[in-house]
Each structure stands twice: as structure tokens, then as C-alpha cells.
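Geometric and topological summary
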Amino acid sequence: GTGAIGAIYSWRLSKNAHVTTVCRSNYEAVRNNGLKIDSKKFGQETFVPNEVVKSVPEEPFDYVMVTTKSLPDVYSVPDIIAPAITKGKTTIVLIQNGLGVEDPIIERFPDNPIVSIVAYIGTSQTSPGHIKMVGDESLIAGNYLASPVNAEQHLDSFVDLLRKGGCTVSTVKDIEQVRWQKLFWNATFSPVCTVARMNTTEVLNCPEAMTTVKKLMHEMIEAANAVGYEYNAEEQIETMLERTRATAMDYKPSMLLDFERGQPMEISVILGTPLRRAKAKGMEVPNLEMMYNILMAIQKTVKQSPERFRIQ
């Protein structure tokens, strides 16, 4: 998935590793001209990967890094990466949004170590093969505790490669807790911005929109606590709002951008998984359930008639 995020981290890994990039829509541009990257943090460079391919090759790899959109209702990541996975050897690295993205990997590859990473980065592919990264970046990496394979050694080795490439990486014992906390923002502001077609500033200035954001945030925090965490709802809500005002004004979340492009949105892993886990604990989460159902209805129409929503 060598889009914006995949390009940045493949580039940084290439400083100390042999990298094969799997490109789809930008394949011709990258194969012919490399990736032209403009990064406020890392500088400007034309990154020429060691190999550029259209599909995952049937070869042994130490690591397979997945940076695709998390769209289990559109495609299967395990099916896509299977040719490159050697049983018990290949470490699967997931730099993806959402909750539960590791579960299909464990089901298909129970003998392989998993490194799960949450990314905080502002980057986009402005045209095929052209990547612009604004501001800083940071990664939080960790074991997925539900995995049957201890990935500690593989995690340390991969983090070392990223750090040697200049990336900011911290590690945690329980990556799922980080994923839940990221959802306190991503499962609230993202869907409200998308349904209302507002950026973050417009949502913050709209009392009706903010009422919905706060109700969703309360339910997300309660769901996280139901599975074993101990978050103070009021503190988390205030933190998320302060962080938005400080760092994400006039911002369009990726869910809204996908909607405006007529592309599938990451609804299943951002709203669907926490909804299912809340219900499994016997919780009532009416706002989360309604928002999920509305967006899934929109998603069906986007798949059938993307031009109805696409902004030219």
C-alpha cells in the first residue's frame, strides 16, 4: 500500500533495508520516476525503491508492512499479503487505522509475529508518485496481546530500523489501548464531519454538531472502560477538544476526504468494531449504533454510485 504513509515509511526504512514497494494506481509513476517526496521533517528527495511491483510477490520477506486503508468490507488484507508470508518467519507490520485490524491476520497467520503501529502523521499523495508531508510525525508501536506469537524481538528490530531512518517511535506493552484512545477522536469527529460535510472548525462552532460529538465520545470511552480500561470520560473529552483546537483546526478527516472522492470509508474498523465489542459487553450505545448505520448506508451508495458524492 504505497500511498502517502506507505511512501514515507518505506523511504525511511530504505536507509537501512532492502525495500520492495507494492504500488497500484501510482505504479507507472513510481516505476518510471520514483517517489518525489517533500517533507517538512525529512526534507526533499526522490526515493527510488529497490523494487517496484504491482502485486505482492511470492518471495520470502523478513517484514511485510501494511499501510492500506482498513476496509475489510472491500478487500481482504490476508489474501493480498499471503504470497509474501513465510510461516513462522515473516513479521507482519500493520500501520493502519481502527480497532481489531490484527484479528484477520491472526486468524490467517497464527504462527507469524505481528507488530501493530498507530501513526500520527500529516501526509498526502498530491498526484501519482508525489508525496507531501507537513509537520512532524510519530509512531506508537507494540505487541498485540491477543496474538499467540510473542513479537517482542521482532518489534525491537523493526523499531530500530525506523529510528535509524529518523522516525519518532515509542513502544507500549498494549497497543490496543492506544487504538481505543485514538478512536475517542477518530470515531467521533470523523463521522460527524463526514455526515455534516464540515471541517473541524465548523463542527467546533456548531452546537448541534458538538452535542453529537460529545455523546459519541462518552459512549466510546464507556465502551473502552467496559473492556478493561479506566478512562475518566470528562477528562478525555476535554483533552480531545483542546487537542483539536490546538492542532487540527480547519481540518478534514480522512473519512470525509474519502467520502468527497467517492471512495470507500473506514467505517467498519473505526465504528463497527467498537460497536460490536460494546454490545458483547451488554452495553447500549445508541448514538454509536445510529452513526454506524447511517454511514454504512452511505457507504453502500458510494460503492454503487461514487459520482453522486464526488467533489470535483
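The structure presented is a predicted model; accordingly, all values stated were derived computationally and were not measured.

The next thing to look at is the overall build of the protein chain. Scanning the protein chain from terminus to terminus reveals 13 helices and 9 strands. By the compact-globule yardstick of 20 Å for 312 residues, the protein chain fits well, its C-alpha radius of gyration being 19 Å. Every one of the 312 residues in the protein chain was classed for burial, and the buried ones make up 52%. In the protein chain, of all internal contacts separated by at least 6 residues, the share reaching a separation of at least 24 is 71%. Accessible surface for the protein chain amounts to roughly 14,500 Å². Of this, 48% is attributable to carbon and sulfur atoms.

Take the nonpolar core next. Core analysis: the largest hydrophobic core is formed by 69 residues, its most contacted members being Ile 81, Phe 189 and Leu 271. Ranked by the residues each element gives to this core, the list is headed by helix α9 (residues 207-226), at 9 residues. In this structure Phe 189 touches Thr 200, Val 203, Leu 204, Met 210, Val 213, Met 217, Leu 241, Thr 244 and Pro 253, once residues within four positions along its chain are discounted. The next biggest cluster of nonpolar side chains, apart from the first, holds 31 residues, and it includes Cys 23, Phe 42, Leu 162 and Val 169.

For the rest of this paragraph, the subject is helix α6 (residues 175-186). Given a rise of 1.5 Å per residue, 12 residues ought to cover 16 Å, and the 16 Å separating the end C-alpha atoms of α6 matches this to within 8%. For α6, the buried fraction is high: 9 of the 12 residues fall into the buried class. Buried residues of α6: Ile 175, Glu 176, Val 178, Arg 179, Trp 180, Leu 183, Phe 184, Trp 185 and Asn 186, and no others.

Here we come to the packing of aromatic side chains. Evaluated as defined, the whole model comprises 6 aromatic pairs. For the ring pair Tyr 63 and Phe 158, a centre distance of 4.9 Å and an interplane angle of 50° mean the geometry is tilted. With Tyr 63 in strand β5 (residues 63-66) and Phe 158 in helix α5 (residues 152-164), this pair connects stretches of sequence that are 95 residues apart. Judged by relative accessible area, Tyr 63 falls into the partly exposed class, the value being 23%. With a centroid separation of 5.0 Å and an interplanar angle of 85°, the aromatic rings of Phe 184 and Tyr 231 are classed as edge-to-face. Taken together, the residues Phe 184 in helix α6 and Tyr 231 in the loop between α9 and α10 (233-247) connect sequence positions 47 residues apart.

Only one face of strand β2 (residues 35-39) is buried, namely the one carrying Leu 35, Ile 37 and Ser 39, since none of Lys 36 and Asp 38 on the opposite face is buried. Of the pairings in the sheet, the one linking β2 to strand β3 (residues 43-47) comprises 5 bridges and is antiparallel in character. The residue of β3 that forms the bridge with Lys 36 is Thr 46. In this antiparallel pair of consecutive strands, β2 and β3, the connection spans 3 residues.

Helix packing geometry: the angle between the two helix axes and the distance between the axes. Following both chains from N to C, one finds α6 and helix α12 (residues 267-280) inclined at 115°, their axes separated by 11 Å at the closest point. In terms of their interaxial angle, α6 and α12 are classed as roughly perpendicular. Two packed elements cross with a definite hand, and for α6 against α12 that hand is left-handed. Across the interface between the two elements, Glu 176, Trp 180, Leu 183 and Asn 186 of α6 pack against Val 269, Ile 270, Pro 274 and Arg 277 of α12.

Take unusual backbone geometry next. At Arg 197, a residue that is not glycine, the phi angle is positive and equals roughly 55°. Within the element layout of this structure, Arg 197 appears in the loop between α7 (189-196) and α8 (200-204). Its identity is not glycine, yet Asp 250 carries a phi of approximately 55°, on the positive side. Along the chain, Asp 250 turns up in the loop between α10 and α11 (254-260).

A few words on the side chain of Glu 219. Structurally, Glu 219 is set in helix α9. One buried charged side chain, Glu 219, makes no salt bridge at all; its nearest oppositely charged neighbour is Lys 215, positioned 8.2 Å away.

Let's shift gears to the pattern of salt bridges. Evaluated as defined, the whole model comprises 18 salt bridges. Linking Lys 89 and Asp 62 is a salt bridge whose minimum nitrogen-to-oxygen distance equals 2.9 Å. Pair noted here: Lys 89 is in the loop between α3 (77-81) and β6 (91-95) and Asp 62 is in the loop between β4 (51-53) and β5, with a separation of 27 residues, a long-range link. Ionic pairing is found between Asp 79 and Arg 108, a salt bridge with its closest N-O pair at 2.6 Å.

For the rest of this paragraph, the subject is the UniProt feature "domain: Ketopantoate reductase C-terminal" (unreviewed entry) in the protein chain. The feature "domain: Ketopantoate reductase C-terminal" (unreviewed entry), as given by UniProt, occupies residues 174-299 in the numbering adopted here. Annotation note: span residues 174-299, helix share 75%, strand share 0%, distance between end C-alpha atoms 31 Å.

Where strand β8 (residues 130-143) and strand β9 (residues 169-172) come together, 4 bridges link them in parallel fashion. Paired with Gly 142 across the strands is Val 172, a residue of β9. The β-α-β motif built from β8, the intervening α5 and the parallel element β9 has right-handed crossover chirality.

What follows is about the environment of Lys 15. Topologically, Lys 15 is positioned in the loop between α1 (4-13) and β1 (20-22). Using a relative accessible area of 39% as the deciding quantity, one classes Lys 15 as partly exposed. A polar contact of 3.1 Å, which involves the side chain of Lys 15, links it to the side chain of Glu 45.

Rules behind the numbers
- Residues numbered from 1 in each chain as written.
- Predicted model: local features only at pLDDT ≥ 70, side-chain atom pairs only at ≥ 80, totals over all residues.
- Heavy atoms only, no water.
- Helix = DSSP H or I, 4+ residues; strand = E, 2+ residues; numbered from the N terminus.
- Rg over C-alpha atoms; globule rule 2.2 N^0.38 Å.
- Buried < 20%, exposed > 50% of the residue type's maximum accessible area, 1.4 Å probe, protein only.
- Contact = heavy atoms within 4.5 Å.
- Areas by Shrake-Rupley, 256 points an atom, 1.4 Å probe, with all protein chains shown as cover.
- Core = buried A, V, L, I, M, F, W, Y, C linked by side-chain atoms within 4.5 Å.
- Expected span 1.5 Å × (residues − 1).
- Phe/Tyr/Trp six-rings, centres within 6.5 Å; stacked < 30°, edge-to-face > 60°.
- Pairing = 2+ DSSP bridges.
- Axes fitted to C-alpha atoms, helices over the stretch in contact; angles between N-to-C directions.
- Parallel < 35°, antiparallel > 145°, perpendicular 65-115°, else oblique.
- Left-handed = near helix turned anticlockwise from the far one by under 90°.
- Lys, Arg positive; Asp, Glu negative; His and termini not counted.
- Salt bridge = Lys/Arg side-chain N within 4 Å of Asp/Glu carboxyl O.
- UniProt positions renumbered as here; feature names shortened; annotations may be inferred.
- Right-handed = clockwise from strand over helix to strand, strands pointing away.
- Polar contact = N/O pair within 3.5 Å; in protein donor to acceptor, adjacent residues only side chain to side chain.

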